[in-house]
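If you want the building blocks of each chain, they are given just below.
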Amino acid sequence: MLAPFQFKRLEDKILITNDFGEYEYLTKEDFKDLINNNISSDHVLYESLEAKGFLYSTSVEAYLDKFKHNLRAGKSFVFSSTSLHIFVVTNYCNGQCVYCQAQSSVEKCNDRMSEEIAKKAVDLALQSPQQTLDFEFQGGEPLSNFDIIKFIVEYAEQKRGKKNINYSIVTNLTMLTDDKLKYIIDNNISISVSIDGPKDLHNQNRPLAGGVQSYDKVFKNIRKLKDCNYQFGAIQTTTRYSLAYSKEIIDEYVNNQLHNVFIRPLTSLGVASDQWNEIGYTPEEFVEFYKKCIDYILELNINGYYLVEGHAAILLSKILNGIGTNYMELRSPCGAAIGQIAYYHDGNVFTCDEGRMLYEMGDDSFCLGSLFDDDYNSLMDSKLCKTVCRYSIVESLPGCCDCVYQPYCGTCPVINYALEKDAVSRKRFNDRCQIFQGMLDYIFIKLQNSKYEEVFYSWVK
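Residues numbered from 1 in each chain as written. Predicted model: local features only at pLDDT ≥ 70, side-chain atom pairs only at ≥ 80, totals over all residues. Heavy atoms only, no water.

A. Region of interest: helix α19 (residues 450-459). Within α19 the residues assigned to the buried category are Y452, V455, F456 and W459. Down the axis of α19, the smallest arc covering the buried residues is 100°, so these residues share one side. Away from its buried face by more than 90 degrees, α19 exposes S450 and E454. Buried residues belonging to α19 abut α12 (283-302), β11 (308-309), α13 (310-321) and α18 (431-447). A distance of 3.0 Å separates the backbone nitrogen of K451 from a side-chain oxygen at the start of α19, and that oxygen is part of N449. (Buried < 20%, exposed > 50% of the residue type's maximum accessible area, 1.4 Å probe, protein only. Helix = DSSP H or I, 4+ residues; strand = E, 2+ residues; numbered from the N terminus. Arc of directions from axis to C-beta. Contact = heavy atoms within 4.5 Å. Polar contact = N/O pair within 3.5 Å; in protein donor to acceptor, adjacent residues only side chain to side chain.)

Encoded structure:
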């Protein structure tokens, strides 16, 4: 019997996938045989297609019982409570990134989280039933309010009981001092810093206030981290200026002995929205840039330098291992509220980081509640929490439910709302959809080559 599946032409093959996350490449002739139910037990593909759930010869009940473990592994994140708790400790930033999502270009921000609000945020975060929590400090530039970061860490350590807490800071690194670095190391706080590429490109994308160049300041402090043998993460954001420098961007990571690069498209929020005509691009332009990055990264791996591309690794975890990662934007339902919560410096609580970014643009549609009025249970039981869950289940969304990449993808109600004023995109292929389809197209094309498949498997061990 033929089981449900999705399909798409991919170069000279037909790619088929199913809800269990399994996939297969078929020739045009084999695809015709499949849809006409002409693949019998003596067909060369029968054993593989049955093992992956595209065909079955048992009862429906036995078929579903056989693959229920695949579904459970692919949706493992839904068995967890809110694990990521984002503390927006200030909206002040000494940077003026051309694509900043967290601020409007017309605003001068200098607000800071108080100890009272910090306490309430920690108390609420600890109400999550999750045993292991991630506390992430953001801004603005969080290092500009380092005293409150220290307060949160020390207060949380007093109150955490048997819970485990991992701490991290998302920073431009320019305000790092020796005292701050010592505290970060002593308390095992991880660091994520933006590296957009070589010096001229990084300075163009990420100038400091007043047009001051940031590259030298950033890499002076990166050298401090290296001198202490302190590991850190780095992320890249792609602007129109970046498109011509795929190789040079990757080389910057290699030259700094980094082994992870996260190639990120722009999101049209905050300053990025205001300056889109100057720094933005079409989905097709980004996908071509991403392909060049992947080609070069694969070449480096084959030649002996281990380097992982972050988006591909998240997607490949589902494709190759069948394991649903807890990356909030690429899961179904998305991680808004049930996976992450953002505590703003003023005491408002948001579904996610993107929700508070929308708030900074003047729209509070994704405000879950207040630290002064709500507890964890009331936030989870709120109409907004249920709405973002309901409208981010791609298996039930028009345009997503029958997409070949549905088992691996996700949607973002905040971005949909920001661009279309609706939590569900009304466009059959919006820009975000086209970008991820393009990325997945190329990953599946490369997977057909055994030497690239071997590299991909090494990324998800």
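B. Up close: unusual backbone geometry. The omega angle of the peptide bond from G139 to G140 is 20°, so this bond is cis rather than trans. Among the secondary structure elements, G140 is positioned in the loop between β5 (132-138) and α5 (146-159). With omega at 0°, the peptide bond leading from S332 into P333 counts as cis. Residue position: P333 is located in the loop between α13 and β12 (340-343). Its identity is not glycine, yet N37 carries a phi of approximately 60°, on the positive side.

C. Fine view of the packing of α12 against α19. With their axes 10 Å apart at the nearest point, α12 and α19 run at an angle of 85° to one another. One way to sum up the angle between α12 and α19 is to call them roughly perpendicular. Listed contacts from α19 to I297, L298, N301 and I302 of α12 are K451, Y452, V455, F456 and W459. Looking at the contact of α12 with α19 residue by residue, the class counts come to seven nonpolar, one polar and one charged. (Axes fitted to C-alpha atoms, helices over the stretch in contact; angles between N-to-C directions. Parallel < 35°, antiparallel > 145°, perpendicular 65-115°, else oblique. Nonpolar A, V, L, I, M, F, W, Y, C, P; charged D, E, K, R; others polar.)

D. Quick look at the sheet that holds strand β8 (residues 233-237). Strand order in the open sheet made by the nine strands is β10-β8-β7-β6-β5-β4-β12-β13-β14, with mixed pairing throughout. Where the open sheet ends on each side, the last strands, each with one partner, are β10 (263-264) and β14 (367-370). Where β12 and strand β13 (residues 348-350) come together, two bridges link them in antiparallel fashion. Paired with Y343 across the bridge in β13 is V349. (Pairing = 2+ DSSP bridges.)

E. Focus on α12. For α12, with 20 residues, the first-to-last C-alpha span of 28 Å sits near the 28 Å given by 1.5 Å per residue. Buried within α12 are the following residues: P283, F286, V287, F289, Y290, C293, I294, Y296, I297, L298, L300 and N301. With its phi angle positive at about 110°, G304 sits one or two positions after the end of α12. (Expected span 1.5 Å × (residues − 1).)

F. Representation of the layout of surface pockets. Computed from the structure, the second largest pocket encloses a volume of approximately 360 Å³. Contributing to the lining of the second largest pocket are 23 residues, with G399, C400, T411, N430 and C433 lying nearest its centre. Top contributing element to the lining of the second largest pocket by residue count: α18, with five residues. Looking at the lining of the second largest pocket residue by residue, the class counts come to eleven nonpolar, eight polar and four charged. (1 Å grid on protein atoms, 1.4 Å probe; cavity = no way out; pocket = protein on both sides within 12 Å on 5 of 7 lines; lining within 4 Å. Points joined across faces, edges and corners; volume = space filled by probe spheres on them.)

G. Fine view of the pairing of strand β6 (residues 164-171). Here β5 pairs with β6 via six bridges, running parallel. Bridge pairing in β6 links L133 to I165. Strand direction decides the pairing type here: β6 and strand β7 (residues 190-194), joined by four bridges, are parallel. The residue of β7 that forms the bridge with I169 is I191. One crossover worth recording links β6 to the parallel β7 by way of helix α6 (residues 178-186), and it is right-handed. (Right-handed = clockwise from strand over helix to strand, strands pointing away.)

H. Representation of the sheet that holds strand β3 (residues 23-26) in the model. Read from one edge to the other, the open sheet built from three strands follows the order β1-β2-β3, with strand pairing classed as antiparallel. Of all strands in the sheet, those bounded by a partner on one side alone are β1 (6-10) and β3. Taken pair by pair, the neighbouring strands of this sheet meet at an average axis angle of 25°, ignoring direction. Inspection of the sheet shows strand β2 (residues 13-17) paired to β3 by four bridges, in the antiparallel sense. Of the residues in β3, the one forming a bridge with L15 is Y25. Its contacts with the sheet place helix α1 (residues 28-35) against β1, β2 and β3, and it is angled at close to 120° to β3.

I. Structural view of the pattern of salt bridges. All told, the structure shown has 17 salt bridges when counted by the stated rule. Between K8 and D441 there is a salt bridge, with its nearest N and O atoms 2.9 Å apart. Here K8 is found in strand β1, whereas its partner D441 is found in helix α18, with 433 residues between them in sequence. The class of D441 is buried, set by a relative accessible area of 17%. In this structure, K75 engages E395 in a salt bridge whose closest nitrogen and oxygen atoms are separated by 2.7 Å. Here the residue K75 occupies a position in the loop between α3 (60-74) and β4 (84-88), and E395 occupies one in the loop between α16 (383-390) and α17 (413-420), the gap between them amounting to 320 residues. According to the relative accessible area criterion, E395 is partly exposed, its value standing at 31%. (Salt bridge = Lys/Arg side-chain N within 4 Å of Asp/Glu carboxyl O.)

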